[in-house]
Amino acid sequence: MPMFRKLCDRDGTPVVSLDKDELRLDGIVGDDGEIPEDQEMYIQRVDEGAYLVRAVDGDTVPEVEELSA
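- With an unreviewed UniProt entry as reference, the protein chain is termed DUF8053 domain-containing protein, source organism Natronoarchaeum mannanilyticum.

1. Comments concerning unusual backbone geometry
Okay, step 1: For Asp11, which is not glycine, the phi torsion reads 55 degrees and is therefore positive.
Okay, step 2: Topologically, Asp11 is positioned in the loop between β1 (8–10) and β2 (13–15).
Okay, step 3: Taking the relative accessible area as the measure of exposure, Asp11 reaches 79% and is therefore exposed.

2. Let's talk about the pattern of salt bridges
Okay, step 1: All told, the structure shown has two salt bridges when counted by the stated rule.
Okay, step 2: Close ionic contact of Asp19 with Arg5 constitutes a salt bridge, the shortest N to O distance being 3.1 Å. Of the two residues, Asp19 is situated in the loop between β2 and α1 (20–25) and Arg5 in the segment before β1; the sequence distance between them amounts to 14 residues.
Okay, step 3: The partly exposed category is assigned to Arg5, whose relative accessible area is 34%.

3. Observations regarding the side chain of Arg54
Okay, step 1: Relative to the helices and strands, Arg54 is located in strand β4 (residues 50–55).
Okay, step 2: One polar contact links Arg54 to Gln44, side chain to side chain, over a distance of 2.3 Å.

4. Some thoughts on a nonpolar patch on the surface
Okay, step 1: Where nonpolar side chains cluster on the molecular surface, the patch consists of Leu18, Met41, Ile43, Tyr51 and Val53 and spans about 470 Å² of accessible area.
Okay, step 2: At the level of elements, β3 (41–47) and β4 are the ones that each hand at least two residues to the nonpolar patch.
Okay, step 3: Here Leu18 lies in the loop between β2 and α1.

5. Observations regarding the environment of Asp59
Okay, step 1: When you line up the elements, Asp59 lands in the loop between β4 and α2 (64–67).
Okay, step 2: Exposure remark for Asp59: the relative accessible area of 83% places this residue in the exposed category.
Okay, step 3: Along the sequence, Asp59 and Glu40 sit 19 residues apart, while their C-alpha atoms lie 9.3 Å from each other.

6. Let's talk about the pairing of β4
Okay, step 1: Inspection of the sheet shows β3 paired to β4 by six bridges, in the antiparallel sense. For Met41, the partnering residue across the bridge sits in β4 and is Ala55.
Okay, step 2: The antiparallel hairpin formed by β3 and β4 contains two residues in its connecting segment, where Gly49 sits at a positive phi of about 75 degrees.

Definitions and cut-offs
Residues numbered from 1 in each chain as written. Predicted model: local features only at pLDDT ≥ 70, side-chain atom pairs only at ≥ 80, totals over all residues. Heavy atoms only, no water. Helix = DSSP H or I, 4+ residues; strand = E, 2+ residues; numbered from the N terminus. Buried < 20%, exposed > 50% of the residue type's maximum accessible area, 1.4 Å probe, protein only. Salt bridge = Lys/Arg side-chain N within 4 Å of Asp/Glu carboxyl O. Polar contact = N/O pair within 3.5 Å; in protein donor to acceptor, adjacent residues only side chain to side chain. Patch = residues over 30% accessible without salt bridge, like charges linked within 9 Å, V, L, I, M, F, W, Y side chains within 5 Å. Areas by Shrake-Rupley, 256 points an atom, 1.4 Å probe, with all protein chains shown as cover. Pairing = 2+ DSSP bridges.

Printed below as a string of structure tokens:
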């Protein structure tokens, strides 16, 4: 079953939350649930109503081809 998230307004900025358990599986969020302050995410509009979110590693945004490898 798909998990739907509500688009929220945070001080005039549209925000959608990501699942903390899935971020933990990727090593983005620690086992304790702590979100790193310096972790940047890259959001790219790929089509009408479709967005791709990628974790930035240093100054590098992983290529889409690398993600499925």
